[in-house]
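# Results of the structural survey
One letter stands for each residue in the lines below.
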Amino acid sequence: MQETLANVTDLVAKRLDADVCSIYLIDTDPEILTLMATIGLDPAAVSRVQLRVGEGLVGLVAQQREPIALVHAREHEGFRYFPETGEERFESLLAAPLVMQNATIGVLVIQTVDPRAFEKSDVELMQTCAQLLAPVVVNAQLLALMSISETRRAEITSSLTSTTGRFPDANRSPSRTEQNVELRGIATSRGVAIGPVYRVDDPVDLDHVEYLPRESLAEEREDLLKALAETRSEIEEAREASGVRFGPEFAAVFHTQIQILEDKGFVDNIDEAINLKKNALLALRSVLDTYRETFERIEDEYFRERGADIIDIGHRIMENLLGVRSPVAPMQPGSVVVVDQVLAGLFARLEMDQVSAIVAEHGGSTSHGAIFARTLEIPAVTGASGIMNEARQGEVCIVDGATGRVYLQPDETLIDYYRGAQREHEVAIAHLDALCGRPAETLDGNSVTLSANVGLLNDLRQVDQHGAEGIGLFRTELLALAHRGFPSQEEQEQLYRQVVEQMAPRPVTIRTLDLGGDKGIPNVGMPGEENPQLGLRSIRLTLENRRAFRASAFGPTKLLFPMISNIEELREAKALLEQVQADFEKKGLEFDRDMPVGVMIEVPSTAISADIFAAECDFFSIGTNDLTQYTLAVDRGNERVAHLYDGLHPAVLSLIDLSVKAAARAGIPISVCGEMASNPLSVPILVGLGIGELSLVPAAVPFAKEIVRALDGREVAEDARRALKASSAQDVHKIAASRLLGAGLLDHPDIGAWLRNFVDEASGFP
Ligand code: PEP
Ligand code: MG
């Protein structure tokens, strides 16, 4: 550790042409910075000079996490003089914080004898050095740990992970005493949760951790076997938990991993490697590399993709071997997950049955992760800027998914208030669910089909509970995300068959694989793209990976092609379907020859040329999530432009109108399956435009039904006409809000209070 730091200070001093370079680190006390290495100051001061975070210039940099560059350091009000360092000779100072996984771990400082006005490039270089140095320091600390006894190692790792903020899930600011710290984000998934914070940070970079083996081979072997056993029981727990919560197909992600760990050959290979290398980490790495390379060489894509499991499992074993976890703490029941971004893969990674809510620093409300949260009825707030900085592992957090409010360390009064809100929400849902048999019909007798958007077998419970009339969108990519690769034909067949059989006689619309964009998974040949939302996603990706294109019918099933943007894609997709059907025919397998085939309208070109597509398909389903993003040029997952993302924009409505009219001319049905249908303000406008089916997250079905039942078909048709001519989305909001108000919905005993938020906001009330 000392050697590493000495090398670094020497290097930085030379690189930046400075007389002094010092490194201050936070050790076991998160409030104290200690001078750990220096070139240029008195070496005797090392380990002796200590200052509090916030104290002196160095403390200030640690506190503010911003670099500081001063020509005359002494003139700064924060300057503090440490006589033991002999630093009085130095005039100028440039310091940058060492930050790792969002936590300050120290400060890198240079000083010069002659006054020097540091240039922007100096500051940038210093920051780069600090960035590079931070993991080196952490690794050096880990390395130092490995050379001490196991008990001491465990003591230190647990104290490091729980108190110092140096590891991912650490307590970031233990000195915070204030209560009811409020953060605002985007209201992404309704519901209230109160529970302990569970931070999900990026894992420590284990590939670059150096490792000192123990003295005897027997001890090394013992350590490694223990790590293997620990890993296995962790994975088994995760498999069980996700199987219960999501259904067996989701648990499949863990099968391969357990198989690897149980494989005698794998254990024997490790044993052999450890004899040879006398180092558990090197032995593990070499075995994993061989396995991974072997898998990658296999022709069959499905097996090749299992390489990802090897990498993942290797990571888990290494973490156990090194005694560092990311995150360390087991998840407590009812946890509020705090994460940088809700990526779809998160749902495969976490023990979701323990999660009561999700709060994300970034992201908007229609990213795929956000949609999954809504489908699973997990309250969520996204774009909660500052949450990664503020939230401490284990502290109590309130999440209000309907308003986008998040409170850290709430007091009893606030907790009581939100417990009340939680009860009210649950009572309203229970009440509406009890009435779920009533038809979704307008006052003048027009019926609107309300179906559900789902992606997992277990979602079907929600479909029944909330009274959806069928599945308007089955997102098949969840299975692929759980597998982190294309699932096999058999697995797909099994899942779709169960869904269709369970739903029968209600119809199921199965969408072909819609990966890419923000639904990235490794190993399906998706190259890094500069603009993934405009890249090889959805039907484009599927047509390039034809073996992923499978569909079968076991009941009233419709097939839906996502992201069709030109007629050739539709023709190509249909030709593939015909090939599969001809194959079935040859094999004598049963299938529905008249299975309706639909096109998703989610690209403006398709809406504009809707007549052309209507002539060659059996139904339309409008994906307003993407249609809005592509029409308004607003990334659906970027919270910084979320205020510009609005499905009620008149331009988006015009495209919906074009599609509705084309569908009517061709005599084919049309539905909306984007998230916009869950927004109460959209319901009168979409019904008014002539949409006959809304497909929503299951929990939104009863709410939409109450709205539909209060509307008059002629009135909303007039609203829609006005909305198409409106000059802004805001004006459309006002039209819709006054309809909800005029329909008396604000007095509704179950949904009135909730609707008031939307109406007030549309009318410009705070
Ligand atoms: C849409 O784009 O509106 C849609 C329903 O598809 P997804 O959200 O899965 O992209
Ligand atoms: Mg889409």
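These remarks concern the structure in this document. (Residues numbered from 1 in each chain as written. Chains lettered and ligands numbered in written order. Predicted model: local features only at pLDDT ≥ 70, side-chain atom pairs only at ≥ 80, totals over all residues. Heavy atoms only, no water.)

Another point: helix 24 (residues 682-689). Each turn of an α-helix holds 3.6 residues, which means side chains three or four residues apart point in the same direction. A large share of helix 24 lies buried, amounting to eight of its eight residues. The complete set of buried residues in helix 24 reads Ser 682, Val 683, Pro 684, Ile 685, Leu 686, Val 687, Gly 688 and Leu 689. In this structure, the buried side of helix 24 is in contact with helix 23 (650-666), strand 21 (670-672), strand 22 (693-696), helix 25 (701-710), helix 26 (713-725) and helix 27 (729-742). Positive phi appears at Gly 690, one or two residues downstream of helix 24, with a value of about 100°. (Buried < 20%, exposed > 50% of the residue type's maximum accessible area, 1.4 Å probe, protein only. Helix = DSSP H or I, 4+ residues; strand = E, 2+ residues; numbered from the N terminus. Contact = heavy atoms within 4.5 Å.)

This part takes up the site of ligand 1. Around ligand 1 sit 17 residues, and of these Arg 511, Glu 602, Gly 623, Asn 625 and Arg 636 come closest. A distance of 2.9 Å is found between an oxygen atom of ligand 1 and a side-chain nitrogen or oxygen belonging to Arg 475. Asp 626 places a side-chain nitrogen or oxygen 3.0 Å from an oxygen atom of ligand 1. Protein chains bury 100% of the 290 Å² of accessible surface belonging to ligand 1 in isolation. It is helix 22 (residues 624-632) that contributes the most residues to the shell around ligand 1, three residues altogether. Looking at the shell around ligand 1 residue by residue, the class counts come to four nonpolar, five polar and eight charged. (Near = heavy atom within 4 Å. Polar contact = N/O pair within 3.5 Å; in protein donor to acceptor, adjacent residues only side chain to side chain. Areas by Shrake-Rupley, 256 points an atom, 1.4 Å probe, with all protein chains shown as cover. Nonpolar A, V, L, I, M, F, W, Y, C, P; charged D, E, K, R; others polar.)

A large share of strand 19 (residues 597-601) lies buried, amounting to five of its five residues. Side-chain alternation along strand 19 places Val 597, Val 599 and Ile 601 on one buried face and Gly 598 and Met 600 on a second face that is also buried. In this view, the connection linking strand 18 (residues 557-561) to its parallel neighbour strand 19 by way of helix 19 (residues 567-587) has right-handed handedness. As judged from the four bridges shared by strand 19 and strand 20 (residues 619-622), these two strands associate in the parallel manner. For Ile 601, the partnering residue across the bridge sits in strand 20 and is Ile 622. (Right-handed = clockwise from strand over helix to strand, strands pointing away. Pairing = 2+ DSSP bridges.)

Around the magnesium ion (ligand 2), the protein contributes the donor atoms Glu 602 (OE) and Asp 626 (OD), which lie 2.0 to 2.1 Å from the metal centre. Taken as a pair, Glu 602 in the loop between strand 19 and helix 20 (604-608) and Asp 626 in helix 22 lie far apart in primary sequence, 24 residues in all. Classification of Asp 626 as buried rests on a relative accessible area of 2%. (Donors = N, O, S within 2.8 Å, 3.2 Å for Na, K, Ca; no water.)

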